[in-house]
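Residue-level structure breakdown
Given next are the chains, with one letter for each unit.
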Amino acid sequence: MIAYDTIGVTYTATRQPDPRVGALIAAALGDARSVINVGAGAGSYEPPQTVLAVEPSPVMISQRPAGAAAAVQARAEALPVAAAAADAAMALLTVHHWADLAAGIAELRRVARRRIVIFSWDQRVTREFWLVREYLPEAAAFDDARTPAVERLADLLGGARIEPVLIPMTAATGSASRTGGGPGPTWIRWCARACRSWRSRATRPWRRDCGGSRRTWRPARGTTATVTC
Ligand SMILES: C[S@@+](CC[C@H](N)C(=O)[O-])C[C@H]1O[C@@H](n2cnc3c(N)ncnc32)[C@H](O)[C@@H]1O
């Protein structure tokens, strides 16, 4: 069972890339002339010099735009690619899904000649976001069990530069990282359809209540959140 064959059906509608995040990813890739995108999904943040996208879900592959790099249906743990096949390999918002993280990162190291870029999140920060901490402890626990620590990623890479990527509140991407949390009323639009932890047990009551339509939800603190179920 490939999770994103179910939860990825609306991916391109709910999780568009944000140009500010994209600029940081492009800068991290530096002057790499060829890139292999692992866990590529629908191709968010994929630079023009991408030579191959590797993705296990046909539903995600089907959402790749016309003209995008060729995609092969495969997993990070066994890349169907020769050693040192590209200048760089990148893995964006995907390592928490891999069944064998160490094997997947070993594969990134095998195929990349010069650079590896991984974009993930620090679960210690996300779990302290008030909405998650106070209202979605089960979603936090779900991600606690799956999200690799940034330091572990760096260890598996044999050392790495760790750069914080601050997600603007106005970011286009509908991931759990796009959060408000400042004082005063905050408008948050959550996209629960295409985010695995939000489909965990924690959000079932919300999704049932929503009946598929957008619903305005008023938690404590006077904050208004629009939850798209
Ligand atoms: C949150 S999406 C990210 C997609 C894309 N990288 C992006 O930034 O929009 C996670 C992707 O990882 C893929 N994935 C899951 N398990 C994988 C594995 N073992 N190897 C490679 N990709 C995997 C999923 O199918 C999904 O497309």
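Along its length, the protein carries 10 helices and 8 strands. Of the contacts made within the protein by residues no fewer than 6 positions apart, 59% connect residues no fewer than 24 positions apart.

Moving on to unusual backbone geometry. Unlike most non-glycine residues, Tyr 45 shows phi in positive territory, near 65°. Phi at Ala 84 is positive, roughly 50°, even though this residue is not glycine.

Okay, the sheet that holds strand β5 (residues 112-119) next. Pairing within the open sheet is parallel, and its 5 strands lie in the order β3-β2-β1-β4-β5. At either margin of the open sheet sits one strand with a lone partner, and together these are β3 (71-72) and β5. Where helix α3 (residues 19-29) meets the sheet, it contacts β1 (35-38), β4 (86-92) and β5, and its direction lies at approximately 155° from that of β5. Those strands touched by helix α5 (residues 101-111) are β1, β4 and β5, and its axis lies near 140° from that of β5.

Let's shift gears to α5. Because an α-helix packs 3.6 residues into every turn, residues spaced three or four apart end up facing the same way. Turning to α5, its buried residues number three or more, namely Gly 104, Ile 105, Glu 107, Leu 108 and Val 111. All buried residues of α5 project into a common sector of 150° when viewed along the axis, lining one side. Buried-residue contacts for α5 involve β1, β4, β5 and α9 (150-156).

Taken together, 21 residues lie around the ligand, and Tyr 4, Gly 39, Gly 41, Ser 44 and His 97 are the ones closest in. Taken together, the residues that form the shell around the ligand break down as 11 nonpolar, 7 polar and 3 charged.

Attention now goes to the nonpolar core. Judged by nonpolar contacts, the single largest core of 35 residues is most densely connected at Ile 36, Val 38, Ala 88, Ala 89, Met 90 and Ala 91. Broken down by secondary-structure element, the contributors of at least two residues to this core are β1, β2 (50-54), α4 (58-61), β4, α5 and β5. Sorting elements by how many residues they give to this core places β4 first, with 6 residues.

Tracing the sequence through the fold places Ala 3 in the segment before α1 (4-7). Exposure remark for Ala 3: the 12 C-beta atoms within 10 Å place this residue in the exposed category. Taking C-alpha positions, Ala 3 is 9.1 Å from His 97, a pair spaced 94 residues apart along the chain.

What follows deals with the confidence of the model for the protein. On average, the protein scores 79 in pLDDT, and the residues at 70 or more come to 70%. pLDDT under 50 marks residues 174-194. Its contacts with residues more than four places away, or in other chains, come to 56 contacts. Ignoring residues within four places in sequence, the model shows residues 220-224, a span with pLDDT below 50, making 7 contacts including any to other chains.

Below, the discussion takes up the pairing of β5. One face of the sheet, then the other: side chains in a regular strand alternate in exactly this way. For β4 and β5, the ladder comprises 6 bridges, and the chain directions are parallel. Residue Ala 86 lies in a different strand from β5, and its bridge partner there is Ala 112. In this view, the connection linking β4 to its parallel neighbour β5 by way of α5 has right-handed handedness.

Conventions adopted
- Residues numbered from 1 in each chain as written.
- Predicted model: local features only at pLDDT ≥ 70, side-chain atom pairs only at ≥ 80, totals over all residues.
- Helix = DSSP H or I, 4+ residues; strand = E, 2+ residues; numbered from the N terminus.
- Contact = placed C-beta atoms within 7 Å.
- Pairing = 2+ DSSP bridges.
- Axes fitted to C-alpha atoms, helices over the stretch in contact; angles between N-to-C directions.
- Buried ≥ 20, exposed ≤ 12 C-beta atoms within 10 Å, placed from the backbone.
- Arc of directions from axis to C-beta.
- Near = placed C-beta within 6 Å.
- Nonpolar A, V, L, I, M, F, W, Y, C, P; charged D, E, K, R; others polar.
- Core = buried A, V, L, I, M, F, W, Y, C linked by C-beta atoms within 7 Å.
- pLDDT = per-residue confidence, 0-100.
- Right-handed = clockwise from strand over helix to strand, strands pointing away.

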